[in-house]
Amino acid sequence: MSTGIWLIGARGSVAVTTIAGAAALRAGLTEPYGCVTELPHLRNPAVPALSDLVFGGHDITATPLIKKAEALVAAGVLPARIAAAVEADLAAVQHALRPVPQAGTQYETARLIAADIDDFRQRHDLDRVVVINVASTEPATPPHPAHGGLATLEAALATPGDVLPPSSLNAYAAFTAGCPFVDFTPSTGARLPALHELAIRAGVPYAGHDGKTGETLVKSVLAPMFAMRNLRVRTWSGTNLLGGGDGANLADPAANAAKAASKQRVLAETLGYQPQGTSLIEYVDDIGDFKTAWDLITFTGFLGTAMRMEFTWHGCDSALAAPLILDLARLTTAAHTTGRTGPLPELAFFFKDPLGPIDRTGAPTPRDDSDPRGALGSPGGSGPSGESGPSGALNSPGGYHTQDGLGGVPHSLAEQWAVLVGFVRGLADG
């Protein structure tokens, strides 16, 4: 099944690492470390092979892919031997990249974006194309009356001015081109009722958001431990040091706030209450594409004994993210092939703030606080302390998608893994 991956931010570090990594895997130059779809539990003939993937995309910059790869080698992200071996592959993908189009209205701009995607599909004779956003994080999007319904949105898009942020405009264009959309960033993306309506009309699935690659990945393993052992977490604070383009972008306070909110949400959803503490993000140019996170957790045990835990995570952001981009492209394509439409909460395993189920109108699914399973069985129920968890609709950026009590999205990595395995097994049946 020939599958196109159309990358928003195609000349960035994550995108180029993904493209180079896929070429290296096809050539047998490396092992598929980090690609969960290569694990025995997730191998499925319904999932496109790595050899079936073709890349294209948009970017606002014109940096040649080979030059970006050279920079990633210098930064210690790409091994020099792999970058040299896949140079011809990068040059080939270079011809499939396009500058971000601009027009007088967002409606016309979206039509041009969709036309580029459709041209990519036809030129490469692709069975399907999935659009994946790996661009810079946007500030949180303020509500707009046009976000609530497709007819109102399309009328507003036809007038001058910006109705949608870039991530959502790309989701709109993807859906109009008949393509699934995956948001690997904390940006708004497809999380608007009007865009859900369009996805259903177009018969395409979507997934997101904010790829879980570092500190939050650890949180999704540790937080369930505290909940299951009935240990009361009093504070959970983290300091994140980032370099590279992502760190530079997050130096903007609005983008920083959107990212920090996404990173903390897993705690409330898993524990059933929000401990004190924040996730601080600081740009440190000298560490380049790497990131370091230091977390301090204080908690209360039996007889009120006060205890603490600390951990440090040091990783390469692009090398952690790239295999997940390949996984998400393959799984979303398989879901599209089997007829899935709308959000894919089964892919929560990959995201810090995963999309939950919504009703047919695009409204949030009500959270059921009467669920007796609490934090151990549902992300929005009552925690071990008996305190009610936060409302997903009020705590999700954009306020539209939520995790509900009974049929919602777990935030424990182990539970998410079980859901993912069941989802992949079901793809063959579909």
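A.B. asks: Run through the environment of Leu 72, naming residues and quoting values.
C.D. replies: Its location among the elements puts Leu 72 in helix α2 (residues 65-74). According to the relative accessible area criterion, Leu 72 is buried, its value standing at 3%. With residues up to four places along the chain from it excluded, the contact list for Leu 72 reads Ser 13, Val 16, Thr 17, Val 77 and Leu 78.

A.B. asks: I'd like to hear about the sheet that holds strand β10 (residues 306-316), residue by residue, with values.
C.D. replies: Judged by pairing direction, the sheet is mixed, and its 4 strands sit side by side in the order β8-β7-β9-β10 without closing on themselves. Every other strand in the sheet has two partners, leaving β8 (279-283) and β10 as the edge strands with one partner each. When the angles between neighbouring strand axes are averaged without regard to direction, this sheet yields 10°. Strand direction decides the pairing type here: strand β7 (residues 232-242) and β8, joined by 5 bridges, are parallel.

A.B. asks: Summarise empty space enclosed by the protein; cite the residues concerned and give the values.
C.D. replies: Taken as a whole and assessed by the stated rule, the structure comprises 1 cavity of 30 Å³ or more. Counted as a void, the largest cavity has a volume near 40 Å³. Tallying contributions element by element places strand β6 (residues 205-208) first for the lining of the largest cavity, with 3 residues. For the lining of the largest cavity, a count of residues per class yields 5 nonpolar, 4 polar and 2 charged.

A.B. asks: I'd love a proper account of the sheet that holds strand β4 (residues 128-133), names of residues and values included.
C.D. replies: Pairing in this open sheet of 7 strands is parallel, and the strands run β3-β2-β1-β4-β5-β6-β11 from one edge to the other. Here the strands that pair on one side only, and so sit at the sheet edges, are β3 (97-99) and β11 (342-343). Two elements, strand β5 (residues 181-183) and β6, share 3 bridges in a ladder whose sense is parallel. Counted as the bridge partner of Phe 181 is Tyr 206 from β6.

A.B. asks: Account for the layout of surface pockets, with residues named and values stated.
C.D. replies: Of the volumes computed, that of the second largest pocket is approximately 340 Å³. Considering the residues around the second largest pocket, the lining is formed by 19 residues, among which Thr 17, Gly 21, Thr 30, Tyr 33 and Ala 319 are closest to the centre. Mapped by element, the contributors of at least two residues to the lining of the second largest pocket are α1 (13-26) and α12 (317-337). By residue class, the composition of the lining of the second largest pocket is 13 nonpolar, 5 polar and 1 charged.

A.B. asks: I'd like to hear about the pairing of β7, residue by residue, with values.
C.D. replies: As paired strands, β7 and strand β9 (residues 290-300) are joined by 10 bridges and run antiparallel to one another. In the strand pairing of β9, Asn 240 is matched with Ala 293.

A.B. asks: Outline the pattern of salt bridges, supporting the account with residue identities and numerical values.
C.D. replies: Working definition: two side chains of opposite charge can pair if their charged atoms are close together. According to the stated counting rule, one finds 10 salt bridges in the structure shown. The closest approach of N and O atoms between Arg 111 and Glu 108, which form a salt bridge, is 3.9 Å. Placement of both Arg 111 and Glu 108 in helix α5 (residues 106-123) is noted, with a separation of 3 residues, approximately one turn of the helix. You can call Arg 111 partly exposed: its relative accessible area is 48%. The partner of Lys 291 in a salt bridge is Asp 317, and the shortest N-O contact between them spans 2.7 Å. Highlighted residues: Lys 291 in strand β9 and Asp 317 in helix α12, separated in sequence by 26 residues.

Rules of the game
- Residues numbered from 1 in each chain as written.
- Predicted model: local features only at pLDDT ≥ 70, side-chain atom pairs only at ≥ 80, totals over all residues.
- Heavy atoms only, no water.
- Helix = DSSP H or I, 4+ residues; strand = E, 2+ residues; numbered from the N terminus.
- Buried < 20%, exposed > 50% of the residue type's maximum accessible area, 1.4 Å probe, protein only.
- Contact = heavy atoms within 4.5 Å.
- Pairing = 2+ DSSP bridges.
- Axes fitted to C-alpha atoms, helices over the stretch in contact; angles between N-to-C directions.
- 1 Å grid on protein atoms, 1.4 Å probe; cavity = no way out; pocket = protein on both sides within 12 Å on 5 of 7 lines; lining within 4 Å.
- Points joined across faces, edges and corners; volume = space filled by probe spheres on them.
- Nonpolar A, V, L, I, M, F, W, Y, C, P; charged D, E, K, R; others polar.
- Salt bridge = Lys/Arg side-chain N within 4 Å of Asp/Glu carboxyl O.

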